[in-house]
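Chain and residue survey
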Amino acid sequence: MSLLLRNRGAMLLLMLNIFLAFTGIGLVVPIMPTYMNELGIGGSVVGLLVAAFALTQLLVSPFAGNWSDRMGRKKIIIAGLIVFALSELLFGLANVPWLLFVSRMLGGAGAAMIMPAVMAYVADTTSSEERAKGMGLINAAITTGFIIGPGIGGYLAELGIRVPFFVAAGAAAVVALITFAVLPESLSAEKRDVAKSDEGNKENLGMQMLRSYREPYFFGLVIIFVLSFGLANYDTVFGLFVDHKFGFTPKDIAFVLTFGSIAGALVQVTVFSWILNRFGENRVISICLLIAGLSIFLTLFVHGFAAIVAVTFIVFLAMDILRPAVGTQLSKMADESQQGFVMGMNSAYTSLGNIAGPIVAGILFDMDVNFPYAAAALVMVLCFLMSLSYGRRKRSRRSPVMR
């Protein structure tokens, strides 16, 4: 509790900032079928809209991190909230598809400014003993935002299809004002001056991606990409899929996604550490890849609201266990001096999956409503088979030592 209330409740305010940003990402999910009908757009455009957000976030994030070092965390967080508010307002006002793209790209830029600055703020204000707890609180806010976003969007849409975006824009504006008035700057003027004078010889994102290929944990990054690809694929067309096949309303879609996400998150919070300690990262990763792939494939054959809820729960449960299991494995495989690099690559490969998944899902959806999930299931199962081969190679490399 002391960590939450320290520095005029800075941690609580940071959690609210990051929660708001990731809630805004999910607002659009249950509402897109109606937007498709209103604006006459297809599944491929929906996929590109989701990818535009992730692409902009990927491109802006490295710059935003440098800006926060040079200008201070508070200014970048507030600027990100303002950009995010403008993106939500524009999405609610849009009456042509190109404005939706501008809105999503602004949203990606806003999220890219908020997230690294918030993470850096936590690093600035916590001791090494508190760091894991602080980062855990921020990640909990991110997860909760993802979970609640579709639910809020679906229920607010009952008041009007554009209402969720106006509410999100207003909330972001209010939080920006509160942050300006309450949040103290965490980075001293001396450190900002050092950052401004340090030109450095840092690798750009492209060079970092090439470097990651040579690292021993590269396959873990591949799994991160596949996980993000599969989950983004599943989420992007889920509303369209159940709308076309079963006639689900935005409220129905919101309930299914919210229930599946909350149930999966609860399992992660309560028994995840026991599962990982009991079975080990390699086995948990392989099993979750297989379960996720088979469950996504099963979605093509189930009928009825209860069956969709059950399958979605299993998909989210597998994904919610898989992501932190891979993150734990990556952290253990990387040297102490590479922790920042490997977590940066974790974020980069996640963004790449979030870009590729929606694009492929949208194109395949326009070809056949079942194709996106068939492709996602195939990719997950192939990655499961690769994980078995990777696990055998790791064991064979360790065996001479054990003799």
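In this text the structure is predicted, and so the values were computed from the model without any measurement.

Calculation notes
Residues numbered from 1 in each chain as written. Predicted model: local features only at pLDDT ≥ 70, side-chain atom pairs only at ≥ 80, totals over all residues. Heavy atoms only, no water. Helix = DSSP H or I, 4+ residues; strand = E, 2+ residues; numbered from the N terminus. Buried < 20%, exposed > 50% of the residue type's maximum accessible area, 1.4 Å probe, protein only. Contact = heavy atoms within 4.5 Å. Areas by Shrake-Rupley, 256 points an atom, 1.4 Å probe, with all protein chains shown as cover. Phe/Tyr/Trp six-rings, centres within 6.5 Å; stacked < 30°, edge-to-face > 60°. Expected span 1.5 Å × (residues − 1). Bend = angle between axes of the 7 residues up to and from the residue. Salt bridge = Lys/Arg side-chain N within 4 Å of Asp/Glu carboxyl O. Axes fitted to C-alpha atoms, helices over the stretch in contact; angles between N-to-C directions. Parallel < 35°, antiparallel > 145°, perpendicular 65-115°, else oblique. Left-handed = near helix turned anticlockwise from the far one by under 90°. Nonpolar A, V, L, I, M, F, W, Y, C, P; charged D, E, K, R; others polar. pLDDT = per-residue confidence, 0-100. Patch = residues over 30% accessible without salt bridge, like charges linked within 9 Å, V, L, I, M, F, W, Y side chains within 5 Å. Core = buried A, V, L, I, M, F, W, Y, C linked by side-chain atoms within 4.5 Å.

1. Considerations on the overall build of the protein
Check the secondary structure of the protein and you find 15 helices and zero strands. Sorting the 403 residues of the protein into buried and exposed places 51% on the buried side. Once local pairs closer than 6 in sequence are excluded, the contacts in the protein between residues at least 24 apart make up 85%. Of the roughly 17900 Å² that the protein leaves accessible, carbon and sulfur atoms contribute 68%.

2. Describing the packing of aromatic side chains
Applying the stated criterion to the full structure yields nine aromatic pairs. Joined through ring pairs, the aromatic side chains of F241, F246, F248, F255, F305 and Y373 make up one cluster.

3. Observations concerning helix α10 (residues 218-246)
Taking 1.5 Å as the rise per residue, α10 with 29 residues should run 42 Å; its terminal C-alpha atoms sit 40 Å apart, in good agreement. At F238, α10 shows its maximal bend, which comes to roughly 45 degrees. Taken across its 29 residues, α10 has 22 buried, putting it largely inside the fold. Positive backbone phi, at 70 degrees, marks G247, one or two positions downstream of α10.

4. A few points about the environment of F91
Position of F91 relative to the elements: it lies in helix α4 (residues 73-93). Sequence separation between F91 and P164 is 73 residues, and the spatial gap between their C-alpha atoms is 9.9 Å. Every residue in contact with F91, bar those within four places of it in the chain, is listed here: V28, M32, Y35, L100, S103, R104, R162 and F165.

5. What to know about the pattern of salt bridges
Summed over the entire model, instances satisfying the criterion amount to one salt bridge. The partner of R104 in a salt bridge is E88, and the shortest N-O contact between them spans 3.3 Å. With a gap of 16 residues between them, R104 in helix α5 (residues 97-125) and E88 in helix α4 connect regions that are remote in the sequence. Take R104 and E88: they sit in the same class, and that class is buried.

6. Digging into the packing of α4 against α5
With their axes 7 Å apart at the nearest point, α4 and α5 run at an angle of 155 degrees to one another. The angle between α4 and α5 falls in the class roughly antiparallel. Once α4 is placed against α5, the crossing between them reads as left-handed. Considering only residue class, the contact of α4 with α5 consists of 19 nonpolar, five polar and four charged.

7. Things to note about helix α12 (residues 281-298)
The end-to-end C-alpha separation of α12 is 25 Å, in line with the 26 Å expected for 18 residues at 1.5 Å each. When we look at burial in α12, the residues that qualify are E281, V284, I285, S286, C288, L289, A292, G293, S295 and I296.

8. A look at the packing of α4 against helix α7 (residues 163-182)
Closest axis-to-axis distance for the α4/α7 pair is 8 Å, and the angle between their directions is 165 degrees. Looking at the two axes, α4 sits roughly antiparallel to α7. Between α4 and α7 the crossing geometry is left-handed. Between α4, through K74, I77, I78, L81, I82, F84, A85, E88, L89, F91, G92 and L93, and α7, the contact on the second element is made entirely by F165, F166, A168, A169, A172, A173, V175, A176, T179 and F180. By residue class, the composition of the contact of α4 with α7 is 18 nonpolar, two polar and two charged.

9. Thoughts on the environment of G80
With respect to the helices, strands and loops of the structure, G80 is situated in helix α4. Residue class for G80 comes out buried when judged on its relative accessible area of 0%. When sequence neighbours within four positions are dropped, the list of residues in contact with G80 reads G110, M113 and I114.

10. Re the confidence of the model for the protein
Put simply, the protein has an average pLDDT of 77, and 78% of its residues get 70 or more. Across residues 399-403 the pLDDT falls below 50, and counting only partners more than four positions away or on other chains, this stretch makes zero contacts in the model.

11. Description of a nonpolar patch on the surface
Nonpolar side chains collect at one region of the surface, where I82, L86, W98, V102 and L106 lie side by side and expose about 460 Å² of accessible area between them. Those elements that place two or more of their residues in the nonpolar patch are α4 and α5. By residue number, the principal contributor to the nonpolar patch is α5, which donates three residues. L106 gets classed as partly exposed once you look at its relative accessible area, which sits at 30%.

12. A short note on the nonpolar core
Ranked by size, the top nonpolar core spans 74 residues in total, and within it M32, Y35, F238 and I296 carry the most contacts. Setting aside anything within four residues of it in sequence, one finds F238 in contact with I253, V256, L257, I308, T312 and Y373. Membership of the second largest hydrophobic core comes to 37 residues, among which are I77, A85, M119 and V175.

13. A short note on the environment of A171
Among the secondary structure elements, A171 is positioned in helix α7. When the C-alpha atoms of A171 and L20 are compared, they prove to be 8.0 Å apart, with 151 residues separating the residues in sequence.

14. Overview of the side chain of S286
Among the structural elements, S286 can be located in helix α12. Taking relative accessible area as the criterion, S286 reaches 8% and is therefore assigned buried. Not counting residues up to four positions away in its chain, the partners in contact with S286 are F384, S387 and L388.

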